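Residue strings, one per chain:
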Amino acid sequence: MRFSIEINNRKVDVEKGETILDAARRTHVEIPTLCYLKNMLPTGSCRMCVVEDMVTGKLVPACSTPVTEGMKIQTHSSRVVNARKVILELLLASHPDDCLYCIRNRNCELQALAYKHNITTRNLLHHVRNIHIDRSSPSIVRDPAKCILCGRCVRVCEEIMGVACIDFAFRGNSSQVSTAFLDSVNISTCVHCGQCILQCPTGALSENQELSKVVAALRDPEKIVVVQYAPAVPVSLAEELNLSKGKDYSNLLNAILRKIGFNYVFDTSFAADLTSLEEAQELITRLQNGDKLPMFTSCCPAWVKFVETFYPEFIPHLSSCKSPQQMMGSIIKTYWAEKMNISPEKICMVSIMPCIAKKFEAKREEMVQNGITDVDIVLTTRELMSLIRMFDVEISGIDPELPDSLGGKRSSAGKLFGTTGGVMESALRTAYYLLTREDLVHFHLEPLRGTNRRKEYRFSINGLELLVAVVHSLSEAKKVLEEIRQGQSSFHFIEIMSCPLGCINGGGQHIGTSEEDLIARMKALYEVDMKETLKFPYQNPEIVQIYQEFLGEINGEKSHRLLHTHYIDRKNQHH
């Protein structure tokens, strides 16, 4: 049912069931919010979105008030603006005054709203809550004093990620967002996905920064500082560097990283090719031997920890393959180090990832060989931007460069790891070849692409019918696991990414990215796959060389020792 209402004296056609906020934003009228999350039921808790209903004379929350016929709304009347200003002043009265040192300075919703509402003096008594900063996690830093209790982190953790490791505690002015029993994050059920950071409007949540370690390594003459970057990183630079969106800036990034001072620059997509071969062969072996099926991908460390914490009975179903990040580190500190005649102890392996769970993964005990860690330091895409600003790299004057060889050449399939469905698509292309010794003709597997949280596909290899699935967001993964528990599914192979849309929307990416920008990132990866000629991991000449010279057989003894790992039951490690 459609009817008309007035917004700011302008007639607007609306649909019954729409909220005032929906109708306003659809007609490009901006109403500020703090607690609102798109496509989720509104809570109406922050009251920043109040508007004036001129018919009833009431101030009502736009996010949770449905439109009614004959409604007349003013979004910026004097009453509305004053009400919003009071709300902001109350929030600022208990907020720390350390904006200059805050990680979210100039990208803080509270700061932006205060500026927009011309709040230039303090009118209320200032009292900051004395709650300690939690730095226990290798991935996440929590500063509860900066929390404005909007609840967005709580909701995304429970409703999108299905983890629910944080919630509101206490009441009144003692309220805070906390883990169970006020424990530190490192002993909570947190899986380190970082989606809470993307939702936080202030500096209450951030990644555990490691920039100082990188700077120290770059200044150490005894260190050979090697850097790798994930497929999703070069397609995510546009927002921060004011570049055209929807493009892959890998070659520009290579040049930037060399300007900063890294000795060698590698594309993690090379290791994604390596992962595709090892994972595809592992799947084939399981199918032939009747081993644990379905097999789950293991590239996403947040997903792996989710299984270890909540569904440990499915640990044997996880691929034993390390993630591309860890495979690259392992290869660099063994094969490449030997080839370059460099002692592995002198190599500092830095990863630039769209993900904060990679920080946790790099510090796992299982990722250490003979006392040497595969990866030494992990930076997020956001930390990369800080590094670029710190070294004052002028982007406009840089010519694109290629990555270093023996770990830099990659197939377009390896590049697809950056988005949901990409790992599956690359693995199936590879599995088809390993079983038939022929290239898959129709290798663009469209049913595995797109934004649906769950996609299923029947893939045929010489009469062998595989039922595969692609899932992103852990709440959807939980549904799949419950189906398998109850014997309601017959999948052979499942790709799961924790973050919605995969790594392009990882917890270490730019904060404030729109849905349109995320789709542009996805399209950029598919465009690489469309235009480039090397489309299959097994055709990558550097991959062929590394097996011939060093690894031997795919899934052989040496590759299993260096490129595979194991997982642990964490169910009883948490409250």
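Relevant structure appears above.
Residues numbered from 1 in each chain as written. Predicted model: local features only at pLDDT ≥ 70, side-chain atom pairs only at ≥ 80, totals over all residues. Heavy atoms only, no water.

1. Topic: the overall build of the protein
Thinking step 1. Each helix and strand in the protein was counted, giving 19 helices and 19 strands.
Thinking step 2. For the protein, whose C-alpha radius of gyration is 25 Å, the value lies close to the compact-globule estimate of 25 Å for 575 residues.
Thinking step 3. Oriented by its inertia axes, the alpha-carbon framework of the protein measures out at about 75 × 55 × 50 Å.
Thinking step 4. Sequence separation of 24 or more characterises 74% of the internal contacts of the protein that already satisfy a separation of 6 or more.
Thinking step 5. By element, 50% of the accessible surface of the protein is carried by carbon and sulfur atoms, the whole surface being about 24,100 Å². (Helix = DSSP H or I, 4+ residues; strand = E, 2+ residues; numbered from the N terminus. Rg over C-alpha atoms; globule rule 2.2 N^0.38 Å. Contact = heavy atoms within 4.5 Å. Areas by Shrake-Rupley, 256 points an atom, 1.4 Å probe, with all protein chains shown as cover.)

2. A look at the pairing of strand S1 (residues 2-7)
Thinking step 1. Here S1 shows a buried face lined by Phe 3, Ile 5 and Ile 7 and an unburied face lined by Arg 2, Ser 4 and Glu 6.
Thinking step 2. Here S1 runs beside strand S2 (residues 10-15); their pairing, made up of 6 bridges, is antiparallel. Across the sheet, residue Ile 7 finds its bridge partner in S2, namely Arg 10.
Thinking step 3. Between S1 and S2, which pair antiparallel one after the other, the connecting turn spans 2 residues, and Asn 8 there sits at a positive phi close to 55°.
Thinking step 4. Sheet topology places S1 next to strand S5 (residues 72-74); 2 bridges connect them, and they run parallel. Paired with Glu 6 across the bridge in S5 is Lys 72. (Buried < 20%, exposed > 50% of the residue type's maximum accessible area, 1.4 Å probe, protein only. Pairing = 2+ DSSP bridges.)

3. Quick word on the packing of helix H9 (residues 269-289) against helix H11 (residues 324-340)
Thinking step 1. Look at H9 against H11: their axes get within 8 Å of each other, and the N-to-C directions meet at 105°. Considering their axes alone, H9 and H11 lie roughly perpendicular with respect to each other. Of H11, the residues touching H9 (which contributes Phe 270, Ala 271, Ala 272, Leu 274, Thr 275 and Glu 278) are Pro 324, Met 327, Met 328 and Ile 331.
Thinking step 2. Here the contact of H9 with H11 is composed, by residue class, of 8 nonpolar, 1 polar and 1 charged. (Axes fitted to C-alpha atoms, helices over the stretch in contact; angles between N-to-C directions. Parallel < 35°, antiparallel > 145°, perpendicular 65-115°, else oblique. Nonpolar A, V, L, I, M, F, W, Y, C, P; charged D, E, K, R; others polar.)

4. With respect to the packing of helix H6 (residues 211-219) against helix H13 (residues 381-390)
Thinking step 1. Remark: H6 packs on H13, axes separated minimally by 10 Å, with the N-to-C direction vectors making an angle of 45°. One way to sum up the angle between H6 and H13 is to call them oblique. For the crossing formed where H6 meets H13, the hand is right-handed. Where H6 approaches H13, its residues Leu 211, Val 214 and Val 215 are matched on the opposing element by Glu 383, Ser 386, Leu 387 and Met 390.
Thinking step 2. Split by residue class, the contact of H6 with H13 holds 5 nonpolar, 1 polar and 1 charged. (Left-handed = near helix turned anticlockwise from the far one by under 90°.)

5. A word on H9
Thinking step 1. With 21 residues, H9 should cover 30 Å at 1.5 Å per step; its first-to-last C-alpha distance of 30 Å lies within 8% of that length.
Thinking step 2. Here H9 lies mainly inside the structure; 17 of its 21 residues are buried.
Thinking step 3. Looking one or two places after H9, you find Gly 290, whose phi comes out positive at around 70°. (Expected span 1.5 Å × (residues − 1).)

6. With respect to the packing of aromatic side chains
Thinking step 1. Counted under the stated rule, the structure contains 14 aromatic pairs.
Thinking step 2. Plain terms: the ring middles of Phe 306 and Phe 310 are 5.1 Å apart, the flat faces sit at 45° to each other, and that makes the pair tilted. With Phe 306 and Phe 310 both in helix H10 (residues 301-310) and 4 residues apart, this pair spans about one turn of that helix.
Thinking step 3. Ring-pair connections join several aromatic residues into one group, and the members of that group are Phe 296, Trp 303, Phe 306, Phe 310, Tyr 311 and Phe 314. (Phe/Tyr/Trp six-rings, centres within 6.5 Å; stacked < 30°, edge-to-face > 60°.)

7. Looking at the sheet that holds strand S17 (residues 454-461)
Thinking step 1. Read across the open sheet, the 4 strands follow the order S12-S19-S18-S17; overall the sheet is mixed. Each edge of the sheet is formed by a strand with only one pairing partner; in this case those strands are strand S12 (295-296) and S17.
Thinking step 2. Relative to strand S19 (residues 493-497), S12 is paired through 2 bridges, and the arrangement is parallel. Directly across from Met 295, in S19, lies its bridge partner Phe 493.

8. Section: the sheet that holds strand S3 (residues 50-53)
Thinking step 1. An order of S2-S1-S5-S3-S4 is seen for the 5 strands of this open sheet, with the pairing classed as mixed. Each edge of the open sheet carries a strand with a single partner, namely S2 and strand S4 (58-61). Adjacent strand axes in the sheet meet at a mean angle of 40°, parallel and antiparallel pairs treated alike.
Thinking step 2. Docked against the sheet, helix H2 (residues 78-93) engages S3, S4 and S5, running at close to 155° with respect to S3.

9. Examining the pattern of salt bridges
Working definition: two side chains of opposite charge can pair if their charged atoms are close together.
Thinking step 1. Under the defined criterion, the tally for this structure stands at 43 salt bridges.
Thinking step 2. The salt bridge involving Glu 15 is made with Arg 2; its shortest N-O contact spans 2.9 Å. Taken together, the positions of Glu 15 in strand S2 and Arg 2 in strand S1 put the pair 13 residues apart, joining distant regions of the chain.
Thinking step 3. Three or more residues joined by partner-sharing salt bridges are found here, namely Glu 210, Lys 213, Lys 359, Lys 363 and Glu 383. (Salt bridge = Lys/Arg side-chain N within 4 Å of Asp/Glu carboxyl O.)

10. Description of unusual backbone geometry
Thinking step 1. In the segment running from Leu 293 into Pro 294, the intervening peptide bond is cis, with an omega of 0°.
Thinking step 2. The residue Pro 294 is located in the loop between H9 and S12 in this model.
Thinking step 3. Backbone geometry at Asn 39 places phi at a positive 65°, although glycine is not the residue there.
Thinking step 4. Within the secondary structure, Asn 39 is located in the loop between helix H1 (20-26) and S3.
Thinking step 5. Its identity is not glycine, yet Asn 370 carries a phi of approximately 55°, on the positive side.
Thinking step 6. Take Asn 370: it is sitting in the loop between strand S14 (368-369) and strand S15 (372-373).

11. Digging into the environment of Ile 166
Thinking step 1. Counting through the fold element by element, Ile 166 comes out in strand S7 (residues 166-169).
Thinking step 2. Note: C-alpha distance between Ile 166 and Ser 323 (157 residues apart in sequence) is 27 Å.

12. Things to note about helix H8 (residues 250-260)
Thinking step 1. Most of H8 sits out of view: 8 of its 11 residues are buried.
Thinking step 2. All of the buried residues in H8 are Ser 250, Leu 252, Leu 253, Asn 254, Ala 255, Ile 256, Leu 257 and Ile 260.
Thinking step 3. Gly 261 sits one or two positions beyond H8 and adopts a positive phi of about 125°.

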